[in-house]
Structures are given as structure tokens and as C-alpha cells.
Amino acid sequence: MRPLIGLLLLALSAWANADRIQIAVAANFAEPLREIVAQYRQLHPDIDIALTVASTGKLAAQIRHGAPYDLFLAADSRRPRELAREGLGLPDSVRSYARGLLVLWSPQSDLMLDPDMLRSGAIQPVALANPRTAPYGLAARFVLDDLAVPDSVPLVQAENVGQSYHFAHSGAAAAAFVAYSQVREQGGSLWLIPEARYPAIIQQAIQLIDSPEVSGFYQFLFSDEGRAIIINHGYQVTDAE
Amino acid sequence: MLSNGDWLALWVSIQLAFVTVLLLLLICTPLAWVMARRRWPGQALLEATLALPLVLPPSVLGFYLLLLLGPNGPGGWIGDLAGLRSLAFSFPGLVIGSVVYSLPFVLQPLKNAIANLEEDQLAMAAVCGAGPLDRFCSLVFPQARLGYLSAAMLGFAHTLGEFGVVLMIGGSLPGETRVASVALYEHVEAGDYANAHRLALVLLVASLLMLWGLFRWQRQRTSGSWL
């Protein structure tokens, strides 16, 4: 009996491992974050870090319903601020970690992706992330409106930029609005959309749990090493703070 | 009570379920027949393949279906014939996905019904010179109609409740591929709980009424003499 109880306690303590950091991350930033986590774990091999990847809106909704995340890396500044206002995180922890760039991308090479091509319907359907939940989708919606792309051009709505990319990559959609970081090394055709055409995508994060382990990793995100990885993935870092 | 967009989504769901069930009844009748009344090599493998949607996660089906329906797969040239770029993100594409996904739910009740047919009557009718169509209309269908009704209701309800596959191959186009379950999911994701509550309630009540009707009908039929 006694060994059994011991085993049970061991399992429980492993389950309630305080050293495990659970991060909710917007789909566009999953790749750079994985690299940052790998780098961080070389310095702190005893800390376990797990990622949950989804759209910013979905993750914010999960956090409002008590999802046990320690850190939330959103693709906008709206959600982290809302959560802070609702008392769901450490209010002083909201910080911008990256500025994202929106691109229109197609796996087909030597396409001349530009406003005229988009308006003419020569490439269709065009995928974008759900504007209601995904900041990159919202930015794409702004671009479509700004360019006066007619309603006759079919659009396909993805859950987040990850699925938007998947729709184009599989060939099911002709092109997709995605984050520059997702496709900068993917070949194909790419139109880096002028930043004046959409409201800036300021990606902010919020720390949800006050613990030294979480703070340690969060600070690493803003260290020179962390920033180098972020820049290397095609983001800009704002030097405020 | 519901917004126009949600009514439209509900209407797409109903159309999808209706077309899917109609196609499945046509496809599954001969399938159920050869499965229930013949023995042939490779049968177990075919049965296992057709039962796969019962156990496979919808994400697996959705992943493959997107490749098959897209312009680089067979969906590309079939879509071409219909003037579409591909079958992905289109209503016909959803129908194909739903037919695959709901097939076991229609096939199983039909198989059981056909396996329980009265052998003697069928043989006698054949001896008396009734053709296959005549035998089907005057003997098989009346005897198996409970099976047909169960198959149709289950297929309809299951397609109405479909979510994962549509999420992966639909693209959420209003009036085309945004079905009620996906519209609800998007309300929840966007934090629009008022609309989410309304649509969820409508779906819940509609599904309950449908199943209640089916079970009531079954009870009446099985207790009364309907043969």
C-alpha cells in the first residue's frame, strides 16, 4: 500500500510541477518563440516550457475562462490590455515584444502580387485569418478595404494565420495574408504590404502568474539574445522600454 | 431572435444535411446490399475502410480532404468542369466531406435492415417473375423502411453536428460554407456570447426535437404491426 501511495504522490507532484511554464502564443509567433524557448532551456535545462498556439482572440477567451496559462503573447495590444483591465494578469507586465509585418504570399513563384492583381481577381480565393479574432486577419481586412478590392473576389477565412498559411501552402487557396515571419524563407511569391495601409501590428504580452520562473523567462524575451531571435524572424522590435 | 447571418448559417447546415443524406441513401443502398448478403474476398478490408470515419479524428479527414479537393488534387479538375477553381471552400466540397464523414452512420442501419429481410418472400417473388426493381419497391423497401428512416435521421443529425471537417476545408464563407456549428464557434472565439447563446439554444432544441421525433416514431412502429 505504502509504495502505491508514494507513487501516487510522485505522480501528483509531477502533474503540479511548479517548474513548468505554460505559454499561450498567437499563431504567427509560434516559430520564433520555439527558438527562444530552446535557447532559454540551454541556460535553464530544469525548466519545462509548453506552448499553446491559437489565434489571439481565442486565447484571450480561454484566459477569461480560467485557462491555466502563465504567460500570454498576443498579436495585438488590445487583448493584453483588456485582460490587465479585467484583473486577469499583472497590470504592469504588459509590454510590446515585437512589431509584425503583414504580407500577401503565394507558394507559386514568379507571381507579381500587387494591388491590381488582387483587385482583378486573377488570384483567388485569397485566404485571411478571421478578422474578429486574429489581428493579422483584421489588418488584412483593412488592406482589402483600403485597396477597394471588390466583393466578387472570393475570400476564405481561416482560424488564425497558421491555418491561413496552410490553406495557401496546400494549394487550396491561391494566396494568403500571413505574417512576414511565416514565409520569409519559404520561396514562392510575396508582397510586403506597405505599413501605411494598415494599423500597426504591435504585439504585446502579459504575464498572468506572478512567479520567479515565469518572470525569468519573460525577461529573457526582452534580452539581447531574445530580441536577436525575434529580429531574425522578420519582426521589428520597438525600443520603448 | 437570431441575426440574419446566423439564420443563413443554419440554412446552409440544413441544406448540407439534406443533400448529404440523399446522396448517402443512394450510395449506401447497393453497398449495404453487397455487404449484408454476399461474401467475397477483401470484404473485411472494405468494411474497415468505410468504418474509418467513426474512429478517425475529423482533423485527419480534413487534412487529407483539403489536399484531395484543392486545385492540385482531383478536386481541381472536377471543379474545373463546374467552373470552380477547386472544390475546397465550396458547398460541393463540404458535401463530399460530409458524405465521407457521415457514411458509417447511414450504412450501418441499412446493413442491419437488409440482413434481416425475409428470405422466403424474396425468393418467392423472384420465382414468380418479379424483376429486381419491383422486388426492391414492393418487398425490400417496405420491410427495411425502419432501417431507412433511422439511417436518414442519423445521417442528417450527424451532418448537422459536423464541425471539425468543415472547419478544416470550409473557409467560413457566408451562405456557402459557414455552417451553424462554425458560426457558433466564431461567436465564442470573438467573445460574442449573446449571439453564441442564441444559436446554441436553437441547435440544441432542434437536435432534441429531431431525435425525439425519431424515437417516438420507432416506438409506435415497433409496437404496432406495420409489416
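Residues numbered from 1 in each chain as written. Chains lettered and ligands numbered in written order. Predicted model: local features only at pLDDT ≥ 70, side-chain atom pairs only at ≥ 80, totals over all residues. Heavy atoms only, no water.

> I keep staring at the sheet that holds strand β9 (residues 189–192) of chain A and nothing clicks. Help me out?
What links the strands of a sheet is backbone hydrogen bonding, and the strands pair in either a parallel or an antiparallel sense. All names here are of chain A. Sheet architecture is open: 5 strands sit in the order β7-β6-β8-β5-β9, paired in mixed fashion. On the outer flanks of this sheet lie β7 (155–158) and β9, each paired with one strand and no other. Sheet twist, expressed as the average angle between the axes of neighbouring strands with direction ignored, equals 30°. Pairing of strand β6 (residues 126–129) with β7, which is carried by 4 bridges, proceeds in the parallel orientation. For Ala 129, the partnering residue across the bridge sits in β7 and is Ala 158. Here helix α7 (residues 161–169) sits on the sheet and contacts β5 (102–106), β6, β7 and β8 (175–179); the angle it forms with β8, its principal contact strand, is near 145°. (Pairing = 2+ DSSP bridges. Helix = DSSP H or I, 4+ residues; strand = E, 2+ residues; numbered from the N terminus. Axes fitted to C-alpha atoms, helices over the stretch in contact; angles between N-to-C directions. Contact = heavy atoms within 4.5 Å.)

> Where do I start with the domain arrangement of chain A in this structure?
Interface size, as often reported, equals the accessible area lost upon joining of the parts. All names here are of chain A. When the domains of chain A are assigned, the result is domain 1 (2–99 + 200–232) and domain 2 (102–192). Computed over C-alpha atoms only, the centres of domain 1 and domain 2 are separated by 28 Å. Carbon and sulfur atoms make up 59% of the area that domain 1 and domain 2 hide from each other, which totals about 930 Å². For the pair domain 1 and domain 2, the number of links is 1 salt bridge. (Domains from an automatic or database assignment. Buried area = accessible area lost by both parts, 1.4 Å probe. Salt bridge = Lys/Arg side-chain N within 4 Å of Asp/Glu carboxyl O.)

> Looking at this model, I keep getting lost on the UniProt feature "binding site: molybdate" (unreviewed entry) in chain A. Mind explaining?
All names here are of chain A. UniProt records the feature "binding site: molybdate" (unreviewed entry) at Thr 56 and Val 161, using the numbering of this structure. What stands out for the annotated residues spanning 106 residues is how close their C-alpha atoms remain, the widest pair being 10.2 Å apart. Looking at the element boundaries, Thr 56 is found in helix α3 (residues 56–64). Using a relative accessible area of 1% as the deciding quantity, one classes Thr 56 as buried. Residues in contact with Thr 56, not counting those within four places in the same chain, are Ala 26, Phe 72, Ala 74, Ala 75, Asp 76, Arg 79, Thr 133 and Pro 135. (UniProt positions renumbered as here; feature names shortened; annotations may be inferred. Buried < 20%, exposed > 50% of the residue type's maximum accessible area, 1.4 Å probe, protein only.)

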